[in-house]
Amino acid sequence: MKRSWIVVVAVCLAFGLRALLLIDATALWSDELYSVGKSFQPSFSHLLAMLREDTHPPAYYGLLWLWGHLVGQSPVSLRFLSWLAYLAGGLVMVRQAMALGHAGTRARVGAVAALLAFCSPYPIRFAIEGKSYAVLVLLVALAWWWRRSAHPVAYGAVAGLAGLTHFYGLFLVLAAAAWDGWRRRWTLAAAALIGALPALAW
């Protein structure tokens, strides 16, 4: 099994590095330009003024503003943040898949999860797209991790960030709250609903 894992890791690295090498191969497209226009503001007050006129939740754009001031505001830095989120989200998903597997199948489950997380077309596409999707996947994966681990405070906090990153995240959090409420897991349902309040207020 060790040899199989070496092959899987090599394949995943090849896909991840190929995405990284293409990070500046094309010009920014319209949605990425919207990300630039919203986030690469000269000050945080300018960012807040811009976001007050926007219909999307603010967390990704605030993160991108901070990232741009730390590493520079450029097309490469815009996309590199997504690439880092793609790596981190993939690792969380692989770890969670292995935790869900039975003792004798965890290595095989982890290998399949790694190939799906790092080598599928959609993760590869969003890995170098200057939008919030890769960050959203990372946050949702972390939220599910804390939900499964029965840590309601961490689950609610990360679920709230997912809801403030994109409305897709908010819908997933509300759906999970409804399901947990249906199953009478009141603590998890309450954590998700409390976490969703800032996005609902926005």
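What you see is a predicted model; the values in this text were computed from it and never measured.

**As for the overall build of the protein chain**
Along the backbone of the protein chain there are 11 helices and zero strands. Ordering the α and β elements of the protein chain from the N terminus gives α-α-α-α-α-α-α-α-α-α-α. Here the C-alpha coordinates of the protein chain stretch approximately 55 × 45 × 25 Å along the principal axes. A buried classification covers 43% of the 202 residues belonging to the protein chain. Partitioning the contacts of the protein chain with sequence separation of at least 6, the portion at a separation of at least 24 is 69%. Put simply, the protein chain shows about 11,200 Å² of open surface, and 71% of that area lies on carbon and sulfur atoms. Once the 16 positive and 7 negative side-chain charges of the protein chain are each reduced to a mean point, those two points are 20 Å apart.

**Some words on the environment of Leu116**
Within the secondary structure, Leu116 sits in helix α6 (residues 106-119). As for Leu116 and Gly130, which are separated by 14 residues in sequence, their C-alpha atoms are 21 Å apart.

**A few points about a nonpolar patch on the surface**
Together, Val7, Val11, Phe15 and Leu115 line one region of the surface with nonpolar side chains, adding up to about 290 Å² of accessible area. Per element, the largest residue contribution to the nonpolar patch is three residues, and it comes from helix α1 (residues 2-21).

**Brief notes about the packing of aromatic side chains**
Overall, the coordinates contain seven aromatic pairs when judged by the stated rule. Ring plane angle 85° and centroid distance 5.7 Å describe the contact between Tyr86 and Phe118, whose orientation is recorded as edge-to-face. On the criterion of sequence distance, the pair formed by Tyr86 in helix α5 (residues 75-100) and Phe118 in helix α6 is long-range, its members being 32 residues apart. Of the two residues examined, Tyr86 and Phe118, each falls in the buried class. Summarising the aromatic geometry, the rings of Tyr122 and Phe126 are spaced 6.3 Å apart at their centres and angled 25° between planes, so their arrangement reads as stacked. Of the two residues, Tyr122 and Phe126 both sit in helix α7 (residues 121-127), four residues apart, roughly one turn of that helix.

**Observations regarding the packing of helix α4 (residues 59-71) against α5**
Relative orientation of the contacting elements α4 and α5 amounts to 115°, with a least axis distance of 10 Å. For the element pair α4 and α5, the recorded crossing hand is right-handed. In this structure, α4 contributes Tyr60, Leu63, Leu64, Trp67 and Val71 to the contact, and α5 contributes Ser77, Leu78, Phe80, Leu81, Ser82 and Leu84. In terms of residue class, the contact of α4 with α5 is made up of nine nonpolar, two polar and no charged.

**Looking at unusual backbone geometry**
Peptide bonds are trans in most cases, and residues, glycine excluded, mostly fall at negative phi. Phi is positive for Ala150, close to 60°, though the residue is something other than glycine. Within the fold, Ala150 resides in the loop between α8 (133-148) and α9 (152-165). One non-glycine residue, Arg184, lies in the positive phi region at around 60°. Secondary-structure assignment places Arg184 in the loop between α10 (167-182) and α11 (186-201). Overall, Arg184 belongs to the exposed group, its relative accessible area being 64%.

**Structural notes on the pattern of salt bridges**
Scanning the model with the defined rule gives four salt bridges in all. Two residues, Arg79 and Glu32, come together in a salt bridge whose shortest N-O distance is 2.8 Å. Taken together, the residues span a long stretch of sequence, with Arg79 in helix α5 and Glu32 in helix α2 (residues 30-39) at a distance of 47 residues. The buried category is assigned to Arg79, whose relative accessible area is 4%. A salt bridge links Asp180 to Arg185; its shortest N-O distance comes to 2.8 Å. Given the relative accessible area of 0%, Asp180 is considered buried.

**Here's the deal with the nonpolar core**
The biggest cluster of nonpolar side chains holds 35 residues, and the ones touching the most others in it are Tyr60, Leu64, Leu78 and Tyr155. Broken down by secondary-structure element, the contributors of at least two residues to this core are α3 (44-52), α4, α5, α8, α9, α10 and α11. Residue contributions to this core peak at eight residues, all from α8. Each residue touching Tyr155, except ones within four places of it in the same chain, is listed here: Ala143, Trp144, Trp146, Arg147, Ala176, Asp180, Leu188, Ala191 and Ala192. Of all hydrophobic cores here, the second largest spans 17 residues; its members include Ala19, Val94, Ala111 and Ile128.

Cut-offs applied
- Numbering of residues begins from 1 in every chain and follows the order in which that chain's sequence is written.
- The predicted nature of this model means local features are confined to residues of pLDDT at least 70 and side-chain atom pairs, given and counted, to a pLDDT of 80 or more, with totals for whole chains, interfaces and linings taken over all residues.
- Remark: hydrogens and water are excluded; side-chain values derive from all non-hydrogen atoms of the structure.
- Runs of E in the DSSP output that reach at least two residues are strands. Runs of H or I that reach at least four are helices, and both are numbered from the N terminus.
- Remark: exposure states derive from per-residue accessible area (1.4 Å probe, protein chains only) relative to the maximum for the residue type, with buried under 20%, exposed over 50%, and partly exposed in between.
- Contacts between residues were defined by any pair of non-hydrogen atoms, one from each residue, lying within 4.5 Å.
- Computed by Shrake-Rupley with a 1.4 Å probe, the accessible areas treat only the displayed protein chains as cover when residues are assessed.
- Lys and Arg are tallied as positive, Asp and Glu as negative. Neither His nor the chain termini are counted.
- Think of each charge as sitting on NZ of Lys, CZ of Arg, CG of Asp or CD of Glu.
- Residues qualify for a patch when their relative accessible area is over 30% and they have no salt bridge, like charges being joined within 9 Å and the nonpolar side chains of Val, Leu, Ile, Met, Phe, Trp and Tyr within 5 Å.
- A side-chain nitrogen of Lys or Arg and a carboxyl oxygen of Asp or Glu constitute a salt bridge if their distance falls within 4 Å.
- Planes of paired rings set the category: under 30 degrees apart is stacked, over 60 is edge-to-face and the rest tilted, where pairs are Phe, Tyr or Trp rings (Trp by its six-membered ring) whose centres lie within 6.5 Å.
- Comment: axis = line fitted to C-alpha atoms, over the contacting stretch for helices; angle = value between 0 and 180 degrees taken between N-to-C directions.
- Helix crossings fall into two classes, left-handed where the near helix is turned counterclockwise from the far one by less than a right angle and right-handed where it is turned clockwise.
- Three classes are used: nonpolar for Ala, Val, Leu, Ile, Met, Phe, Trp, Tyr, Cys and Pro, charged for Asp, Glu, Lys and Arg, and polar for all others, with Gly counted as polar.
- Buried Ala, Val, Leu, Ile, Met, Phe, Trp, Tyr and Cys residues that are joined via side-chain atoms within 4.5 Å together make up what is termed a nonpolar core.

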